Each structure stands twice: as C-alpha cells, then as structure tokens.
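Observations on the three-dimensional arrangement
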Amino acid sequence: MSQQQNQLSSMTPVPSDEPTASPQDTGKRGKWRDGEIYQSFRRRPATIGAAILLLFLIATAFLSPLFVPQNPYDAAQLDLLNAEIPPIWQADGQWPFILGTDTQGRDVLSAILYGSRVSIVIGVAAVLLSLIVGITFGLLAGYYGGIIDTLLMRLGDVLLSIPTILVAILVSSLARQALPASLRDVGAAGVLVLAIVLSSWVQYARTVRAQASVEREKEYVLAARVLHVPNRRIMLGHILPNTLTPIFVAATLNFGMAILTEATLSFLGIGMPPGQPSLGTLIRLGNDYLFSGSWWIVVFPVMQLSFLVVTVNMIGDWLRDALNPKLR
Amino acid sequence: MLVFILKRLVNAIFVMLAVAFLAFAIFQVAGDPVEMLANEQMSQADRDALRDRMGLNDPMPVQFLRFVGNAAQGDFGMSYRNNQDVIGLIAERFPATMELVLVATLISLVVGIPLGILTAIGRGRWYAEGLQFLSIIGVSLPSFVVGIMLILVFSVILGWSPSFGRGEVIDFGWWSTGLLTPSGREALVLPAISLSLYQITLIMRLVRAEMLEVLRTDFIKFARARGIPRRRIWFRHALRNCLMPVVTMTAMNVGVLIAFALITETVFQWPGMGMLFIQAVTFLDFPVMAAYLVIISFIFVVLNTAVDISYAIIDPRLRSAR
Amino acid sequence: MKPIQAGLLATAAMMTAMSVQAETLRWGAARDIYSLDPYSYGDSYTIAFMNHVYEALVRYDENLEIEGALATEWETVSPSVWRFHLREGVTFQDGAEFTADDVIASLTRVSDPASPLKGNLPAYKSATKVDDHTVDIELTGPYPLLLNDLTNILIFDADWLKDNDAEKPSDAAAGVENYATNNANGTGPFIVESRTPDAKTVLVRNEDWWDEPQHNIDRIEFTPITSAPTRVAALLSGEINFTEEAPVQDLERLAAAPGVTLQETPSLRTIMFGFNRKPELEDGRENPFNDLHVRQAFDIAIDRDLLAKRVFRGKSRPSGSMVAPEIPGYAEALDAYPAADPEKARALLAEAGHEGLEFSLVCTNDAYVNDEELCRAVVSMLSRAGFKPTLDSAPQALQTPKRAGGKSDVYIIGWATLPMMDAYSVLQQIIHTKGEAWGVFNWGEWSYPEIDKLIEQASTEMDRDKRLAIETEALQMAKDELVMLPLYQQPMAWAMSEKVESVVQNPDNKARHWLTRLAE
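Quick caveat: nothing in here was measured; it's all calculated off a predicted structure. (Residues numbered from 1 in each chain as written. Chains lettered and ligands numbered in written order. Predicted model: local features only at pLDDT ≥ 70, side-chain atom pairs only at ≥ 80, totals over all residues. Heavy atoms only, no water.)

Now for the domain arrangement of chain C. All names here are of chain C. Here chain C is partitioned into domain 1 (24-259 + 498-518) and domain 2 (266-491). One C-alpha centre belongs to domain 1, the other to domain 2, and the line joining them spans 29 Å. With 21 residues of domain 1 in contact, the opposing surface of domain 2 contributes 27 residues. In total, domain 1 and domain 2 occlude about 2,000 Å² of area from one another, counting both sides; carbon and sulfur atoms represent 64% of this. If you look at where domain 1 meets domain 2, you find zero salt bridges. (Domains from an automatic or database assignment. Contact = heavy atoms within 4.5 Å. Buried area = accessible area lost by both parts, 1.4 Å probe. Salt bridge = Lys/Arg side-chain N within 4 Å of Asp/Glu carboxyl O.)

Moving on, we get to the interface of chain B and chain C. How big an interface is tends to be stated in terms of the accessible area lost upon association of its parts. Each partner contributes to the interface: chain B provides 39 residues, whereas chain C provides 47 residues. For the interface between chain B and chain C, the tally reads one salt bridge. For the salt bridge of C:Asp198 with B:Arg93, the shortest nitrogen-to-oxygen distance reads 3.5 Å. Taken together, the links from chain B to chain C amount to three residue pairs in polar contact (both at pLDDT 80 or more). Where the side of chain B that touches chain C is concerned, the elements lending two or more residues are α3 (44-53), α5 (86-121), α7 (143-157), α8 (182-216) and α11 (273-283) of chain B. With five residues, α11(B) is the single largest residue contributor to the side of chain B that touches chain C. (Polar contact = N/O pair within 3.5 Å; in protein donor to acceptor, adjacent residues only side chain to side chain. Helix = DSSP H or I, 4+ residues; strand = E, 2+ residues; numbered from the N terminus.)

Below, the discussion takes up the domain arrangement of chain B. Segmenting chain B into domains produces domain 1 (2-72) and domain 2 (90-282). Between the C-alpha centres of domain 1 of chain B and domain 2 of chain B the distance comes to 37 Å.

Here the focus is the UniProt feature "domain: ABC transmembrane type-1" (unreviewed entry) in chain B. Under the UniProt annotation, the feature "domain: ABC transmembrane type-1" (unreviewed entry) is placed at residues 94-307 of chain B. The span residues 94-307 of chain B carries 81% helix and 3% strand; its end-to-end C-alpha distance comes to 22 Å. (UniProt positions renumbered as here; feature names shortened; annotations may be inferred.)

Take a negative patch on the surface next. Taken together, the side chains of C:Asp94, C:Asp159, C:Asp163, C:Asp165 and C:Glu167 make up a negatively charged region of the molecular surface. Its place among the elements puts C:Asp94 in the loop between β5 (81-86) and α3 (100-110). (Patch = residues over 30% accessible without salt bridge, like charges linked within 9 Å, V, L, I, M, F, W, Y side chains within 5 Å. Areas by Shrake-Rupley, 256 points an atom, 1.4 Å probe, with all protein chains shown as cover. Lys, Arg positive; Asp, Glu negative; His and termini not counted. Charge placed at Lys NZ, Arg CZ, Asp CG, Glu CD.)

Right, let's talk about the pairing of strand β18 (residues 484-489) of chain C for a bit. In the case of a regular strand, side chains alternate between the two sheet surfaces. Residue and element names in this part refer to chain C. For β18, the buried fraction is high: six of the six residues fall into the buried class. Across five bridges, the pairing between strand β13 (residues 270-275) and β18 is antiparallel. Counted as the bridge partner of Phe273 is Leu485 from β18. Alignment of strand β14 (residues 317-318) against β18, held across two bridges, turns out to be antiparallel. Opposite Arg317, over in β18, you have Gln489 as the bridge partner. (Buried < 20%, exposed > 50% of the residue type's maximum accessible area, 1.4 Å probe, protein only. Pairing = 2+ DSSP bridges.)

Turning next to a positive patch on the surface. Taken together, the side chains of B:Arg226, B:Arg232, B:Arg236 and B:Arg240 define a basic patch exposed on the protein surface. For B:Arg240, the position within the fold is in helix α10 (residues 230-268).

Attention shifts here to the state of the cysteines. Residue and element names in this part refer to chain C. Scanning the model with the defined rule gives one disulfide over all chains in all. Here Cys363 connects covalently by a disulfide to Cys375, the sulfurs 2.0 Å from one another. The sign of the S-S torsion, about 80°, decides the handedness of the disulfide formed by Cys363 and Cys375: right-handed. Highlighted residues: Cys363 in strand β15 (residues 357-364) and Cys375 in helix α13 (residues 371-384), separated in sequence by 12 residues. (Disulfide = S-S within 2.5 Å.)

As a further point, take the side chain of C:Gln249. Structurally, C:Gln249 can be placed in the loop between β11 (242-243) and α8 (251-256). On the accessibility criterion, C:Gln249 (5% relative accessible area) is buried. Polar side-chain contacts of C:Gln249 include one of 3.3 Å to the backbone oxygen of A:Asp288. Sequence-distant contacts of C:Gln249, that is, excluding residues within four places in its chain, are made with A:Asp288, A:Tyr289, A:Ser292, C:Ala228, C:Arg313 and C:Asn370.

Residue and element names in this part refer to chain C. Spatially, four strands are ordered β4-β5-β7-β6 in an open sheet, and the strand pairing comes out antiparallel. Edge positions in the open sheet fall to β4 (71-78) and β6 (124-131), since each of these has one partner strand only. Averaged over all pairs of adjacent strands, the angle between their axes in this sheet comes to 25°, without regard to strand direction. In this fold α3 packs onto β5, β6 and β7 (134-139), with an angle of close to 165° to the strand it touches most, β6. (Axes fitted to C-alpha atoms, helices over the stretch in contact; angles between N-to-C directions.)

Turning next to the UniProt feature "transmembrane region" (unreviewed entry) in chain B. Listed under "transmembrane region" (unreviewed entry) in the UniProt record, and renumbered for this structure, are residues 12-30, 100-121, 133-158, 188-207, 242-270 and 290-314 of chain B. Split by type, residues 290-314 of chain B is 100% helix and 0% strand. Its first and last C-alpha atoms lie 36 Å apart.

It is worth spelling out the packing of helix α5 (residues 108-144) of chain A against helix α13 (residues 296-323) of chain A at this point. All names here are of chain A. Their axes nearest at 10 Å, the elements α5 and α13 cross at an angle of 35°. Note on packing geometry: the crossing formed by α5 with α13 is right-handed. In this structure, α5 uses Val108, Ile112, Leu113, Ser116 and Ile120 to contact α13, whose residues at the interface are Trp296, Phe300, Pro301, Gln304 and Leu308. (Left-handed = near helix turned anticlockwise from the far one by under 90°.)

Take the pattern of salt bridges next. All chains considered together, the criterion is met by 41 salt bridges over all chains. By sharing partners, the salt bridges in this structure join C:Arg26, C:Glu193, C:Lys200, C:Arg219 and C:Glu221 into a single network.

In this section: helix α9 (residues 292-301) of chain C. All names here are of chain C. For α9, a buried count of seven out of 10 residues is recorded, marking the element as mostly surrounded by other parts of the structure. Looking at α9, one finds that the buried residues are Val294, Arg295, Ala297, Phe298, Asp299, Ile300 and Ala301. Looking at where α9 begins, the residue whose side-chain oxygen comes 2.9 Å from the main-chain nitrogen of His293 is Asp291.

Attention now moves to the interface of chain B and chain A. Between chain B and chain A, the contact holds 62 residues from the first and 49 residues from the second. Here chain B packs against chain A, burying approximately 5,000 Å² in sum over the two surfaces, 77% of which is carbon and sulfur. Our enumeration of links across chain B and chain A arrives at one salt bridge. The interface formed by chain B and chain A contains four residue pairs in polar contact (both at pLDDT 80 or more). By residue number, the principal contributor to the side of chain B that touches chain A is α10(B), which donates 14 residues. Split into classes, the residues belonging to the side of chain B that touches chain A amount to 46 nonpolar, nine polar and seven charged. (Nonpolar A, V, L, I, M, F, W, Y, C, P; charged D, E, K, R; others polar.)

If you look at the biggest cluster of nonpolar residues, it comprises 170 residues, and the most contacted ones within it are A:Leu166, A:Ile169, A:Ile283, B:Phe144, B:Leu262, B:Phe277 and C:Leu254. No other element matches the 16 residues that α13(A) contributes to this core. The residues touching C:Leu254, leaving out its near neighbours within four places in the chain, are C:Val232, C:Leu235, C:Leu236, C:Ala246, C:Val260, C:Leu262 and C:Ala495. Residues C:Ile217, C:Val294, C:Phe312 and C:Ile412 belong to the second largest nonpolar core, which totals 148 residues. (Core = buried A, V, L, I, M, F, W, Y, C linked by side-chain atoms within 4.5 Å.)

In this section: helix α15 (residues 424-431) of chain C. Because an α-helix completes one turn every 3.6 residues, residues spaced three or four positions apart along the sequence face the same direction. All names here are of chain C. Counting buried positions over the eight residues of α15 gives eight, a clear majority of the element. Tyr424, Ser425, Val426, Leu427, Gln428, Gln429, Ile430 and Ile431 are the residues of α15 that are buried. Packing partners of the buried residues in α15 comprise β13, β17 (410-415), α16 (449-460), α17 (464-480) and β18.

Before going further, it helps to spend a moment on the confidence of the model for chain C. Summary statistics for chain C give a mean pLDDT of 89 and a share of 95% for residues scoring 70 or more. For this predicted complex, the interface confidence reaches an ipTM of 0.85, while the overall pTM sits at 0.86. (pLDDT = per-residue confidence, 0-100.)

Residues and elements named next belong to chain A. On the surface, Leu53, Phe56, Met303 and Phe307 cluster together into a nonpolar patch covering about 360 Å² of accessible area. Secondary-structure elements contributing two or more residues to the nonpolar patch are α4 (45-67) and α13. Phe307 sits in the partly exposed class, given a relative accessible area of 40%.

Turning our eyes to something else, we now look at the environment of B:Val307. Residues and elements named next belong to chain B. With respect to the secondary-structure elements, Val307 resides in helix α12 (residues 286-314). Classification of Val307 by relative accessible area gives buried; the value is 8%. For the pair Val307 and Leu89, spaced 218 residues apart in the sequence, the C-alpha separation amounts to 29 Å.

Laid out in structure tokens, this is it:
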C-alpha cells in the first residue's frame, strides 16, 4: 500500500517525507563517492543488521538448490509417508526435515527457501520492468510534452484512480483465465509481474516527467539541441541521471511492496499455484492447519516473509532519509 | 476558480469513462458470457437466441455505450453466481465495509497522531527510534498475516473476541449497523485494528515528517527565541500546521482503505463489499467484478476531486499548479 | 499451541446468556447456499437446506425410509402412471392452501428445458390433476425409483409463482432476478426470515406446520464460514453451535475440547476420477486413456490406504466401489481394489507406450472433503509412477464446464446416489452412454452398449431383487473396464456444542433440523 502513499503525494500537493524530484537534487550522486552515505549507514546499527540479514536471506534463497534435501516443485519427490513431521527439535522430528514437513510430505525449509526465491525474483522483475516502462514514458512525456505527455499522463491518472491491490487482483485473475490451462502454472509468475507493473510504473513516470520538463528548459539542453545532439542522448545522458536518486529510493521501497502484493495475491488464491508455491501460497495452504497442531506449516513461511519485507523496508527507509537533504 | 473546478470535473468524468471501459473490457477478456450462463443441456439455437437477447451481436461501441448508460443508472446486470441483481448485492454490503473503514480511520487518527508527535519531539531518543522501527514493521507485515495472528491470539487462545462476521446488526432502511449492539461492536474490534494498522503507521510518519519540518522553520525558531514554552510551540503552532495534510490524506485514503478492506474482510469473514468481490473473483462472476471496480474507482475519484477543489479554494496559489 | 483455555468457556457462557429466550440454533456451514430457489442450480446442498422451508411429496425419515410428506398415499394406476393422494389441510406459509395445482406447477417448473434439476426426474413425462387433492404422474415407462426421485422435488405454491412471475426456474441469462431467488414460500417446518448472501440466512419456526414438530427450535441462524480454522474457532468460542463440516484435520482437537460433541459416520459419497474417453484429447492428441492398460496403470499408481491414513487421518473408507456399502446394488466383490505398486504402474505405462504421459487433472477445491489436498497427493503419486500430471484446481462452479463434454483429461467427481439412494443413480447418470435423460454426468463421453443394455433392463424391472442383481452386474462390468476410478467414501463429521442435545445424522450428510433437539 505504500505505493498508494506515493500516488497520493504525487497526485495532490500534500507535503510528505517522500522524496520528490527537485532541482537541488542535481549532483547528489557525488555523495556516494565522498562517503556521506556510507557514514550514515555506519551510524545505524539496525540498518547494518537488516542489510546482513537481507543478504543472508537472498543468498540462502538462491543457493538453496545446493543444500536443501528436496526439490519442493518436483511432485515425484514428495511422499505422503513423510507428511506432517514436526521440526527437528521436537520429539518426533526427523532428519533431514529441519523445519518439519507439510501435509503433502514437503520439506518446509526447502519450500520456504524456494518460495523466497520466487518472491524475490517476482519482486525484482516487477520493479525492473516498472522502472523501464516508467522511465521511458516519463522521459517521453516530459521531454516532448504535448500530445504524448497528455496521453501518457492521463493513462496514469486512470490507473491511479483504481487502487493498486484491485488492479493487481483483476489483472491476475483475468490473465490466468485467458491463459490455456497447460500454461497457467508456467505463466503464473509472469502474470504476477505484469499485475504489479501495471499499477506501479506510473509513479516513476511522474517523477521522471517532472524532472524532465524542468531540465528541458535549461540552457545546456537548449544548447545541446542547437548542436543537434540526438534527442535520445539528451534524455538518457543528461536528464535521466538527475532523476535517479528519488527513483532509486522509490524502487527499493517498491521492491518490498511488490513482494507483499505477490504474497497477498497468492494468499487469496490467485497467485502462484500450490505446485510451485511462493511464500504467500505456503501461508494460504498452511492456514487451514492453524489449529490442527501442525503450527510449523504456517508459522515458518510467515516468519520468512516478514523478515524479508521488514529488512527490505528498513533499508529503503534508511536510504530515503539518507538521501533526503531536508531531513539531515 | 470556476474554470479550475470545471477542469477537475471534466478530468474526473474522463477518468470514470476510462475505468468504465476497463470494466467493460473485463467481459471481453473473460470470454463468451453465453458459455458462462448456458447450462449443459442448452441447444445451439437457444444459445444463439440468448446471445441476441443479451445484445452480444451488436457492434462493440454500441455495447460499450449501453454498458456505460446502464452503469450510470446503477444497472450492472445479474450476478452469474447467485442470480441476483448486482447493484442490490453491493448495496447490501456497502454499510458493512463503510463501518469497518470509518472505525479503522478513527483508530488510525487517535493512535497515529500522538505517536507521530511523540516521535517528532523525541527525535533521537530511544522511544522515538523504537517507535520508528515498529512503524517499519507495521508497513511490512502483510495485512492477512496480521489478521490471522489477531484471530489466533484474541479469538482462539484468549477467547476475547468473535472470530468472524459482524455480530448482530440493526437495520435503518437500507443501512445496517453493528455499532448499536454489543456483539456488533465486539465483532468490529479485531478487523478494525487489523485494517487500521497500516494507516496508523502512515499517519504517524506523516505527522512526524510535518512536525520536523515545521519545527525547523524560522517562525518556530523565532517563537522559541522569544521564550514561548516548548509545549505550547509543539501543540499550538507545530501541530496545527500539520493537521491539514493529515486530514487530506485521511480523506483520500478512505478510498484506499475501502479497497484494501477486501483482505481484512476475507480473513475475518466480514460480510462487506470486499468479500463479495473476492468471492466474485474466485467464481469469475464478471458482472460483480466490473461493478465493484467502477464503484470503488468512483469513490476514489470523487474523494480526490473533492480534495483538489477544496484545496484550491483554501489556497488559491495551487490553482495554477495543474 | 496452547490447549483451549477457560476463557473460551467464559465466552461461550456469555454468548448463551446474551441470546434471547428463544431457542436458537447457530449453524455454521462451510459454504453458502446458492439461492433460496431450490431449482436454481441442481445443488444438493441448497436443496437440503431449502428442505427446511419447502417440502416434497415424500421424504426420508430418520432411518432413511421413505414416508409420506405432502402426499399421504400413492398407487400405480398403470405401469407408467402413478397416482398421488395429497395431504389435506396443509397451507403454505403465506396462507394459501396446498392443492394439486401446486404439484403440477412445481413439476412443470422443475422439468422446464432450462431447469438444471431436470436430470433428477429422469422418467417424468407429464402430470394431470384428478381432483383438488389427487394428481396423476405419467412416466416414460415402468420405473421403480420415482418415490426416491420425488424426495428431492420441493413443492412451490402455484399462485405465488404466478403472481411473482417466477413460473420458470431461475436463469441468470434472463436478465432479471427471479423472485424465488430471494423469497421463499413453502409448507415446511421453518420460514425464511431474512437472507444476506454469504453472510447470514435466518429461519424461524413455522407455527402452522401440518406435522407434529419433533424439534424445539425457534430460530436457525445459518452462517457460511468458508475458512476451516475460523469455523473451528467459532465453534470453540460458542459463536456457532453446530456445523456439519468439521475439518478432518481438527477432529482430534475438537474431540478433546470440553463441551464439544463429534458425530461421525461414513458418508455415502464416493470420490472418483473420470477419464476423457473421446477419440482425441482436447489438445488434439490421440486419447491414451482409451487404452485400458493406461487406466490400470493409473489405478495401481494410487495408494488408497496411504491417502486414507494421511489426507483423511483414517476417517475415509478406501474403496474400489462406485457406491457405498449402504446403497442397494452394492456387493463386496465390487469393493476390492489393487495394492498400490508404482513400479508396476510405470512398467504398464511403458508397455502401453505412454511413459511420461502429460495430462491435466481437473480438480475442485470446494466441493468435497479435502479435495485439493487429495489431488495434490495423487499428483505426486502419479508422478512417481511415470505420469506427468498438471493440477488444475479451482472452485466447482468453474470446473464443471471444464469437466463436462470431454474438455478435461482426467477429472474428480463425487457421487452419493442422492436423493435416489440406489446404485441405479450412478449407472443411469454416469455410466450410461450420453443421451436424453441418460448419462447426464457421463462427462468423458464413453459408451459401453452392453452395460447400457443392462442399465435399461434395470430401469424397468419392478422386482427389487432382480433389479439389484442386474445393477450389481452392470457395476462389475464397469469396474472391470475401469470406466470410473473410485477411490474412497469420504468422511463426514458433525460437531456441535452442548447447546445441541441431539441431531439425526444419516450417511447422506444432510442436516434435518426438524428432528433436532436443543438443550433447554
């Protein structure tokens, strides 16, 4: 929902601690070099902790095929005989199922690591794609103005008048419906990415557009134009770099947001299928066993998801403060 | 001034038309409604007759205009799932969602504003930093996880609250309220807390940022230099300055909360519009999906336009901004 | 997780104190009824619920024997014409008198071409009024099971239907709401007081019911709670005091909870897989499921005992029979099933030249007990035996169009032979070649003329023993051919709080609260 917050601040003149593109941002990239950011990072032990934990979560998720006892996506490796084994430290725990197994005999540790991988990949893909779409549209709209600007920004208005979660749910359920059954599982991740991108590119586009329309009037751009420097080079070489800082912060926060959206859709049953579970799917499936005594089926995925999003947001939050001159 | 208001209204109408088009497109993506409606024994001739009766053989623009015309009159057709008038179904659920959202908004203001002040004036102190940290957790925990945990602790282990539904409701005309019965109020507590959690952190952060900004301005520094007590500066001057954005955001976020309530409603089995929508999504009940989309966007657009216009009235400088 | 604590009891006590003097049954269900119109979807759950409001000519008593309800006596006038003498002095809830016209209007409505319930009255031809309290029903021929069918045909008031323009069954395509969708007017023990779909349906006692009430309920509050853990929590906290869908995985906990009673009995519902049997699969491949070896490999790949033990915690009844033992027509020989042997299955599949066979398994996730869990487990069993299944799991309403007409490769189906309670039901509706009133649920479109002949023979055989022998033979032939793949009879568990003194539970899993007693 933090996307909504961003939307709000960009739609109306509400002041907030959200970074917005302003001319003072120019040249801020230099701060990375003179170590100001690094210093700010060092002063915040909680952020250091979060960064280490996040790195650990990402590394274990991506290296998991090397060490987990089971490929949880391979139905042939699941055995009902192993169903509902409690975690290893409990009386009936069994090696190698460290965190126990679910009702299908799926190793919980393997499932949450593979699940995190799915969540992270979907999150990264969604953010990257939104960035590409948003920056492109924003540059085009801001640099050229006129009809392109009007069209793109009106499209943005429309998308922003539908709450993000609603866009995501509609896109996800309709796209799944449109896919043939055989592609539904394979395409599920792509559909989720699409659903998230559709509602999150607008905010990047607006930020970039605002900056681009300011820069467009500046002398160096006018000069470059006179010298017949290609438009593409002006846009990418001169205007884009000046918008990067706020976009970078927004992207970090949106990464956490994308993971949450994905988890929510999967929890509602319109995300990743049970055969290739993401963390949200695991929570949905485990929720039915909340009171049955097999708590580990749902508690560990919940913990993993929470850790993942909390660490991402902590880093995003720190970045926002560190890069915002007003708050220092 | 008038021009500005007109412009905003035209813009709002344009946005609604576009949303209506998206809602209309749902049916096109969804495939043939005749296939969804026809039962197995229906013959091909009957199917063709039905298609004709539903106007599916008309050109697309005609169908779209008809959809918009019907929607403007509140006619969204019949639910595929339970053969009921869609608008009636939604109207029935509207009070449940609104009560939940309004109570959640109230909670978020009552809790969020003091917390925001506390973190602003105590900046750097352990409790303020601790609260800031908690607020990150607040935005990070998925709403459905919060709901499940609340049910687990307060309904199952402690047995303090009901775990589903709205309790007893009393009808006033078409509006039904749970606020007037003890069981209705009890049932409202957990869902409202769950829904407000995110909003609390949002308001808290907004208040904090605003307060910090105001406290840094010259006029506050000047007031301080004149020896006005800090307490008075905080609450009389600084707080007053940041209430406007808080009110604005709260008003506009009502729309977001209505949409977001669908998760809370699903977890707590709260019989509101959101639960209706999720049911419609799982059953591919397209008329309900389309109607919900249009109605939510309508609320959203109305709130945004109202806020924009009232801002322009309060602060004329903003008129030229757009 | 902690055991249920005293706090729960306190809440339960408080809730009881809060409720008014009237004896209220709070009924928590796993799903909502689709409509107040029993003819709207052909959904047995909706019909069973609406049976509290509407009644049929005949009904099952607490021992599942047929007894008169709105009809008092009946006889056959000729082999294909039955005469029903209607109960006099019965009134509908709006005060109208119950007469022969009502029966005719109802039969016309239910046999309308658009009626989804048409298949439930397969032999029906026409009905004529003899006098105000006598009706003749003409059938297509001699037919032994009319009474069983009629238990499910609930009777509307003719004038009420007419006045409210509801003479046709509900039809979403009609574009207008059918009056009967949101309103009800029956002769039954309870009256609908209010209904909010998906939230609450309230029934109150019908003081003018013609029968001597055995129940002491003043009010029934029916609340769908789809989420299993929430339903359990609601029962433990006293928010509901009865559910007929206690989740299998929570039975142990419920049994241990103070004040909760469980009533379990094997259900009649058999869960089976059906195969697409058209010459080609939906994607154009030649259909491998027409090869008996492939179906046999499928059969022995599935470990029914393990499914019973893990997915159903020992509560299901693994079975090789399409009908439960209680159903007339069942024989022990039908019940045998092969031991699971993934290696042999793989060999068989390879022999048939279909190793690595890809197909989709169309499964429901809201229709049967733990259906999604079941399908996931089966998918992994099949994968280990050399099949390559993909699971397509969604609500029943979405899967049925996919299951019908050979659009899916393999699909799940549950059959309880209700309301007929006779093996003939499964033979006529599923096994027989598709056509007119036959094979409505023959979704794979197979055809076995020899079995058909036996079924048709049974349909007119009026001698019960002979008829059942024919049915058993037909079932055995279908079993040998593996037309369907029966897996188990699903478990059923009702849970109730102390508030409920007694309920009548039958293996058809229908709540009959006109027989329920609440603690005073």
